[in-house]
Amino acid sequence: MSPADRLARPLKGLIVGQVRALFNDKTRGERPVQRRQDALFPPDSVAWRVHGDVTSMLVGGVAALMLQMLHPAVLAGVWDHSGFRDDMQGRLRRTARFIAVTTYGAPDDATALLAKVRKIHDHIGGTLPDGMPYRASEPDLLAWVHVSEVLSFLDGWIRYGEPSMSRAEQDRYVAEMARIAEPLGVDPIPTTRAEAEAIQRAMRPSLRVDARTRDVAGVLLNQPPPSFAARPFQTMTMQAAIDLLPGWARTMHGLEQPGVGLPLLRAGTFGVASTLRWAFR
């Protein structure tokens, strides 16, 4: 080990420890998911490299939630069946763990988790404010949730991890994600970026913003940071997620893209992403 590596080792350990504490709830006995060669996605998959980047996944994950809540039925599921006000950090942590287990974990664990989530969706339903019934297990509703995540994770990775990613590799990622979509009951399931974007466009007439949307978005974007030290990182992540949203979605939420500070925001987020990749290397 070189002198530089010896000096960097404590700093890397500190960074890695902070990140792992953010995504693993020690009170529940959670530990980092170990990468398996026999995982649902193989080590040479695009999903392994997209989902393994902490910063772009955080930014993409928040952007995905902002998109998903624009659909009244998705919003109703959160509003009626979750304690989002008191446990937004827990919701984000569970989403991150779902991605980690289904991407890198043991096949049996991934399959069991997918079945568990589908069963949960089967029991979520209710009535929208306009009196229309909804079920979280509706295939087209699941498709909206799916494409919101796929495109947001992908765009987060392109912006902060691999700006020159080819269209073929983007299509490959979308096709790979069918391995998660099919067991969850998603229909239609996109296999290319163009198909995912087409599903997104087709759903736009169904999207709405009301007082409940603004309430949930406010809780997400203004949640207390897990620690004082994490406050600047969280603020930057939220702003980067707003920036990552399609312009039409930002407009619906009544949010503005950072103006003169946009280059600084993107450069700062890219710097953090690079630092975390260095720490985990």
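Chemist: Just to check I follow, could you spell out unusual backbone geometry for this structure?
Modeler: The phi torsion of most residues other than glycine is negative, and most of the peptide bonds are trans. Looking along the chain, the bond that leaves Asp187 and enters Pro188 is cis, with omega of 5 degrees. Looking at where Pro188 falls in the secondary structure, it is placed in the loop between α9 (178-184) and α10 (193-203).

Chemist: Got a minute to help me understand the nonpolar core in this structure?
Modeler: Generally speaking, a soluble globular protein has its nonpolar side chains buried in company with each other. If you look at the biggest cluster of nonpolar residues, it comprises 72 residues, and the most contacted ones within it are Val50, Met66, Trp144 and Tyr173. If one sorts the elements of this core by residue count, helix α7 (residues 139-160) sits on top with 12 residues. Not counting the four nearest positions on each side in its chain, Tyr173 is found in contact with Val46, Ala47, Val50, His51, Val150, Phe153 and Leu154.

Chemist: How do you make sense of the side chain of Asp243 when you look at a structure like this?
Modeler: Within the secondary structure, Asp243 sits in helix α12 (residues 231-244). Side-chain polar atoms of Asp243 contact the side chain of Arg159, separated by 2.8 Å. Looking at Asp243, its side chain comes within polar contact range of the side chain of Arg266, at 2.8 Å. Beyond its immediate sequence surroundings of up to four residues, Asp243 is in contact with Arg159, Tyr160, Arg250, Gln257, Pro258, Leu262, Leu265 and Arg266.

Chemist: Whenever I open this one, the packing of aromatic side chains confuses me. Can you help?
Modeler: Two descriptors summarise a pair of aromatic rings, namely the distance from one centre to the other and the angle between the planes of the rings. According to the stated counting rule, one finds 1 aromatic pair in the structure shown. Taken together, a centroid distance of 5.0 Å and an interplanar angle of 70 degrees make the contact between Trp48 and Tyr104 edge-to-face. With Trp48 in helix α2 (residues 46-51) and Tyr104 in helix α5 (residues 88-104), the pair connects residues that are 56 residues apart, well separated along the chain. Assessed through its relative accessible area of 9%, Trp48 is described here as buried.

Chemist: How should the packing of α7 against helix α8 (residues 167-176) be read in this particular structure?
Modeler: Relative placement of two packed helices is described by the angle separating their axes and the distance separating the axes. Their axes nearest at 11 Å, the elements α7 and α8 cross at an angle of 145 degrees. As α7 packs across α8, the resulting crossing turns out to be right-handed. Contact with α7, carried on its side by Val150, Phe153, Leu154 and Ile158, involves Gln170, Tyr173 and Val174 of α8 and no other residues of that element. Here the contact of α7 with α8 is composed, by residue class, of 6 nonpolar, 1 polar and no charged.

Rules behind the numbers
- Residues numbered from 1 in each chain as written.
- Predicted model: local features only at pLDDT ≥ 70, side-chain atom pairs only at ≥ 80, totals over all residues.
- Heavy atoms only, no water.
- Helix = DSSP H or I, 4+ residues; strand = E, 2+ residues; numbered from the N terminus.
- Core = buried A, V, L, I, M, F, W, Y, C linked by side-chain atoms within 4.5 Å.
- Buried < 20%, exposed > 50% of the residue type's maximum accessible area, 1.4 Å probe, protein only.
- Contact = heavy atoms within 4.5 Å.
- Polar contact = N/O pair within 3.5 Å; in protein donor to acceptor, adjacent residues only side chain to side chain.
- Phe/Tyr/Trp six-rings, centres within 6.5 Å; stacked < 30°, edge-to-face > 60°.
- Axes fitted to C-alpha atoms, helices over the stretch in contact; angles between N-to-C directions.
- Left-handed = near helix turned anticlockwise from the far one by under 90°.
- Nonpolar A, V, L, I, M, F, W, Y, C, P; charged D, E, K, R; others polar.

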